[in-house]
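Coordinate analysis (summary)
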Amino acid sequence: MLPEPLLEIKQLKKFYDIKTGWFQPKQQVKAVDDVSFTVYKGETFGLVGESGCGKSTTGRAILRLQEMTSGEIWFQGENIAGLSYEKMRKLRRKMQMVFQDPYASLNPKKTILQILTEPLRVHGLYSQEERVKKAIEILEIVGLSEYHLHSYPHEFSGGQRQRIGIAKAVILQPELIIADEPVSALDVSIQSQVINLLLKLQRDFQLTYVFISHDLGVVRHITDRVGVMYLGKLVELAQTEDIFTDPKHPYTKALLSAVPITHPDEEKDRVILAGDVPSPLNPPQGCTFHPRCPDCMMICKTEKPPVIDLGNHVVACHMYST
Amino acid sequence: MGKESPLLEVKQLQTHIKTAGGVVKAVNGVDLTVYAGETLGIVGESGCGKSVTSLSVMGLLPKPMAYVERGHILFDGRDITELPEKEMRKLRGNEISMIFQEPMTSLNPVFTIGQQLSEPLRQHTSLNKKQIRTKIIEMLRSVGIPRAEQIIDEYPHQLSGGMRQRAMISLAMLCEPKLLIADEPTTALDVTIQAQILQLMREIKQEKKMSILLITHDLGVVAEMCDRVVVMYAGQVVENADVRTIFNSPKHPYTRGLLASMPNSNERKGELKSIPGSVPRPDELPQGCTFAPRCPQAVEKCWQERPPLLSLTHQFCRCWLYTHEHQEVAAHAT
């Protein structure tokens, strides 16, 4: 069976203008620079990278929570990049988001019932009684109970709040859920509970996830394919197992080797990267990774690397262009 | 264990915090020892009392809300629990120093790096201005900060997260302390920067032969850095052992649960093993074992009586399951 593409991102760009002074020319931060990928129905697509690499901006741009500078977003065969605000609002019934911080993303003045029925109300679905019934149903699915309906967010722990955040996204039965670091703010023992919940919901509702995270252990566990981002660019994209067992791009190699060992007797060949991520305000010429790259060549300093398809494994690096 | 001399000994420490809802026992009878030249890890989830323990050692508790109710803290054989503030200041930054989780909030934004780094030297040494400046530049270089001569006159906001944490480490290392307390030193950093900082801490430890008390929730960091591990839950030590023993044969159900819930130890896409429920709030601790409500192996006794810290062959463990194989009761918490 051929996988059916649900979401196609084509040459997505998001630039921010930075004012430097009255008469100075504006500077541009290229937060997302020419990113393209496809997400197939029913899969979990991971986006990984360090802070500031543009993974969250990409996620928000897909939902048009942030207007992009240019590019196309094809969702179920329709380019949604130019849709009006109203149409986009209707479309978000099918694409929902789970945010990182369960403390900041729930309205503290609303009860759980109000929080959960709001998306249904906005989209004009069901009658009042049915909405309450739906809310109870979804609460039970995410491991809470009817008893919690009239509580406020502050009465819950971090893990429970994230369950509510997930319930709020799933109650509309969307096709696509963009999860932006959904487990990063949680304790280890709670993290695994929430990951289990996400996996269960995917099985039960045939959800497609775009899973944004910097935690490579979690990404390896939950995703089918992974895109690695560095300074606004997608540097590598492949099946999860391929990325983790046979990384091609020097950045991916370094990123994987930096993950802490899981047992004190484990030996690991470390590629310790020198320096920090450069400022996106004036990224390096040529390949943006070249100042930190252990395999840097002459050509990397001047020319942007081409995107090379090695058969199901896409990498943007001069090393693989023969 | 027991060959080297203990540098820091915490005995039956109880730290209480006064809140509007009554007194919270944030740390409830903690025993731990850091030997000279070793790295001891304290592992636990938020609210288990690991940070309060470290603040008690440093004498940095927000008084008068938080105070040491009972117990002793011995540093180099000297009881520092009741030390007056003036004496404590001679110790702090000089013989014990601390690095914090968030380098942006722990550096003062209105002073340059140089101004902040000269403070411990002015306090604890008799160097003159010029000597202080050379020493700081030397220190900044040794922690891998490029352009140290310029960075010394820059403000914290001009540095990146990794650079700030390096500056924090150099601040802590200036007086060559015997003990470095690191409270989640890499939690706010990216993985590649985390690897750099951990590497740096290992090198400094090797070179200066100091001890590190590393507080973290990340078992990966523990596996990388620590010689021995103390696992805390709800204000108490539940397990205390060699790092290999913790990873190879953990005894306490909580330690086992933590290790099992790491994604790497589970089949991909499969159900992760997890600990049900969540950490109890300090004001609603159960009467028996604090972990009993979440424990898969809890028996009747666990709900009634709090278990003592048992001394087993390779480790200490606070669990009723092992009463038949223990040798002696190491400590009994109330």
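In case you missed it, the structure is sitting above this.
One structure accompanies this document, and this report is about it.

Analysis parameters
Residues numbered from 1 in each chain as written. Chains lettered and ligands numbered in written order. Predicted model: local features only at pLDDT ≥ 70, side-chain atom pairs only at ≥ 80, totals over all residues. Heavy atoms only, no water. Pairing = 2+ DSSP bridges. Helix = DSSP H or I, 4+ residues; strand = E, 2+ residues; numbered from the N terminus. Contact = heavy atoms within 4.5 Å. Axes fitted to C-alpha atoms, helices over the stretch in contact; angles between N-to-C directions. Buried < 20%, exposed > 50% of the residue type's maximum accessible area, 1.4 Å probe, protein only. Parallel < 35°, antiparallel > 145°, perpendicular 65-115°, else oblique. Left-handed = near helix turned anticlockwise from the far one by under 90°. Nonpolar A, V, L, I, M, F, W, Y, C, P; charged D, E, K, R; others polar. Patch = residues over 30% accessible without salt bridge, like charges linked within 9 Å, V, L, I, M, F, W, Y side chains within 5 Å. Areas by Shrake-Rupley, 256 points an atom, 1.4 Å probe, with all protein chains shown as cover. Salt bridge = Lys/Arg side-chain N within 4 Å of Asp/Glu carboxyl O. Buried area = accessible area lost by both parts, 1.4 Å probe. Polar contact = N/O pair within 3.5 Å; in protein donor to acceptor, adjacent residues only side chain to side chain.

**Focus: the sheet that holds strand E1 (residues 5–18) of chain A**
Residue and element names in this part refer to chain A.
- As summarised here, the arrangement of the four strands in space is E2-E1-E4-E5, forming an open sheet in which the pairing is antiparallel. Whereas interior strands pair on both sides, the edge strands pair on one side only; in this sheet they are strand E2 (27–40) and strand E5 (78–79).
- Two strands pair when backbone bridges link them, and E1 and strand E4 (residues 70–75) are joined in this way by five bridges, in the antiparallel orientation. In the strand pairing of E4, Lys13 is matched with Ser70.
- On the sheet, helix H1 (residues 55–62) packs against E1, E2 and E4 and is oriented at approximately 115 degrees with respect to E1.

**Considering the side chain of Thr112 of chain B**
- Mapped onto the fold, Thr112 of chain B is located in the loop between helix H3 (103–106) and helix H4 (113–124).
- Of the residues examined, Thr112 of chain B reaches a relative accessible area of 10% and is grouped as buried.

**Quick notes on the packing of helix H3 (residues 112–122) of chain A against helix H5 (residues 158–170) of chain A**
Residue and element names in this part refer to chain A.
- Direction vectors running N to C along H3 and H5 enclose 30 degrees, while the axes themselves pass 8 Å from each other. The orientation of H3 with respect to H5, classified from their angle, is roughly parallel. Two packed elements cross with a definite hand, and for H3 against H5 that hand is right-handed. Between H3 and H5, the residues in contact are Ile112, Ile115, Leu116 and Pro119 and Ile164, Ala167 and Lys168, respectively.
- Across the contact of H3 with H5, the residue classes tally to six nonpolar, no polar and one charged.

**With respect to helix H9 (residues 250–257) of chain A**
- Burial of H9 of chain A is extensive: seven of the eight residues sit out of reach of the surface.
- Within the span of H9 of chain A, buried status applies to Pro250, Tyr251, Thr252, Ala254, Leu255, Leu256 and Ser257 of chain A.

**Concerning a nonpolar patch on the surface**
- A surface patch of nonpolar side chains, amounting to about 220 Å² of accessible area, comprises Met297, Ile299 and Met319 of chain A.
- Within the secondary structure, Met319 of chain A is located in the segment after strand E12 (313–316).

**A look at the environment of Phe316 of chain B**
- Following the sequence through the fold, Phe316 of chain B ends up in strand E12 (residues 315–317).
- Along the primary structure Phe316 of chain B and Pro263 of chain B are separated by 53 residues, whereas in three dimensions their C-alpha atoms are 27 Å apart.

**Looking at the sheet that holds strand E2 (residues 22–35) of chain B**
- Strand order in the open sheet formed by four strands is E2-E1-E4-E5 (chain B), and the pairing between neighbours is antiparallel. Each edge of the open sheet is held by one strand with a lone partner, namely E2 and strand E5 (78–79) of chain B.

**A look at the interface of chain A and chain B**
- Each partner contributes residues to the interface: chain A has 40 residues there, and chain B has 42 residues.
- Contact between chain A and chain B buries roughly 3500 Å² in total, counting both sides, with carbon and sulfur atoms accounting for 52%.
- Three residues, Val188, His221 and Pro264 of chain A, lead the burial of chain A against chain B; their summed loss comes to 17% of the area buried on that side.
- Where chain A packs against chain B, one counts two salt bridges.
- For the interface between chain A and chain B, the tally reads 14 residue pairs in polar contact (both at pLDDT 80 or more).
- The set of elements that each furnish at least two residues to the side of chain A that touches chain B consists of helix H6 (188–205), helix H7 (216–222) and helix H8 (240–245) of chain A.

Everything listed here is a matter of coordinates, which is why it stays silent on function.
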